[in-house]
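Given next are the chains, with one letter for each unit.
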Amino acid sequence: MSSSAPLALVTGALGAIGAECLRQLIATGHRGIALDHPAAASREAAWREDPRLAPVPAYFCDLADAAASRETLTRIEAEQGPVSVLVNAAGITRDARFSKMSVEQWRAVLGANLDSAFNACHPLFPGMCARGFGRIINLSSVNGQKGQFGQTNYAASKAGLHGFTMSLAQEGAACGVTVNTVSPGYVATPMTAAIKPEALERVKAQIPLGRLAEPREIARVVAFLAEADSAYLTGANIPVNGGLYMSF
């Protein structure tokens, strides 16, 4: 890949969806950079078995930590060059009924899912504006649109992420920086593989397409939004949920 190719940074990049976003961004002419939580570092060796990902530089920091995020992102741009595309795919779940949800569970999810997007965007957004080009794509969730039993923390964080998207899109519009949300439904990842089979069948029964999404189907939309030609699409939420939740 040419050193002049636009640089695409994916957070949560060692996860199933994040890794597929990197693959498709690389396939469409970007240089890829991976960023993930230090706890994900143990998965790096297996991740690098994919020859498409093997040469991708990987960085690790807790994106819920504002100071650590700024230091890491500043170092990335110093070492790799200016970031043109930012995909915020980092996220966790800590499910519990609201009456049993701890403050720690609430804060952990808001930090990992919502604070992380602020902390990733804050050091990079001014440079995008100054250069007159940027693509920021935030991964939300169908449950941020419709809510979900036992996920007040997760749904709040993902709904907040789209509010963040719409507001930042208005600030970036005048300088060529678009900001959009992709809201996946249930995707075939290790997270959904951990769901009890009978519960997973109940989920599938609610999806008009009758199946889970593949990570590549989410990443395809991300790659489309990252294109230079997608310049007139900003502040949007694109649902990729198999018809599980339909709205205007």
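Our subject in this report is the structure included herewith. Computed from a predicted structure; not experimentally measured. (Residues numbered from 1 in each chain as written. Predicted model: local features only at pLDDT ≥ 70, side-chain atom pairs only at ≥ 80, totals over all residues. Heavy atoms only, no water.)

**Observations concerning empty space enclosed by the protein**
To be explicit about the condition: Definitions used throughout: a 1 Å grid over protein atoms alone; a cavity as a set of points that fits a 1.4 Å probe which cannot get out; a pocket as an open set with protein on both sides within 12 Å along at least five of seven lines; a lining residue as one with an atom within 4 Å of a point. Grid points are joined across faces, edges and corners, and a volume is the space filled by probe spheres set on the points. By definition, any uninterrupted DSSP run of H or I lasting at least four residues is a helix, any uninterrupted run of E lasting at least two residues is a strand, and each is numbered from the N terminus.
The full count for this structure, using the stated rule, is one cavity of 30 Å³ or more. Here the largest cavity defines a volume of roughly 30 Å³. If you trace the largest cavity, you find it lined by Thr11, Asn88, Ala90, Asn113, Ser116, Ala117, Leu139, Lys158 and Leu161. Of all the secondary structure elements, the ones that give two or more residues to the lining of the largest cavity are helix H4 (103–131) and helix H6 (152–172). Of the residues forming the lining of the largest cavity, the biggest block, three residues, is contributed by H4.

**Things to note about helix H1 (residues 16–27)**
Worth spelling out the cut-off: Helices are assigned an expected span. That span is 1.5 Å times one less than the residue count. Only protein chains enter the accessibility calculation, which uses a 1.4 Å probe. A residue is then buried if its area is under 20% of the maximum for its type, exposed if over 50%, and partly exposed in between. Note on contacts: a residue pair is in contact if any heavy atoms of the two residues lie within 4.5 Å.
Taking 1.5 Å of rise per residue, twelve residues should cover 16 Å, and H1 covers 17 Å from first to last C-alpha, within 8% of that figure. The buried fraction of H1 amounts to nine of the twelve residues, a majority that puts the element mostly inside the structure. All buried positions along H1 are accounted for by Ile17, Gly18, Ala19, Glu20, Cys21, Leu22, Arg23, Gln24 and Leu25. In this structure, the buried residues of H1 make contact with strand E1 (7–11), strand E2 (31–36), helix H2 (44–47), strand E4 (83–88), strand E5 (134–139) and helix H9 (215–226). Looking at the residues trailing H1, positive phi occurs at glycine 29, about 100°.

**Comments concerning the environment of glutamine 145**
By secondary structure assignment, the location of glutamine 145 is in helix H5 (residues 142–146). In the structure, glutamine 145 is positioned 13 residues away from lysine 158 in sequence and 8.0 Å away in space, judged by C-alpha atoms. Beyond its immediate stretch of four places on either side in the chain, glutamine 145 contacts Ser183, Asn237, Pro239, Asn241, Tyr245 and Ser247.

**Some points on the nonpolar core**
Put simply, the test is: We call a set of buried Ala, Val, Leu, Ile, Met, Phe, Trp, Tyr and Cys residues a nonpolar core when their side-chain atoms join them within 4.5 Å.
Val87 and Ile137 are the most contacted members of the largest nonpolar core, which has 29 residues in total. Secondary-structure elements contributing two or more residues to this core are E1, H1, E4, E5 and H9. Beyond its immediate stretch of four places on either side in the chain, valine 87 contacts Leu9, Val10, Thr11, Cys21, Leu25, Ile137, Leu139 and Val222. In terms of nonpolar packing, the next biggest core, distinct from the first, is built from 23 residues, Leu73, Ile76, Ala90 and Ala169 among them.

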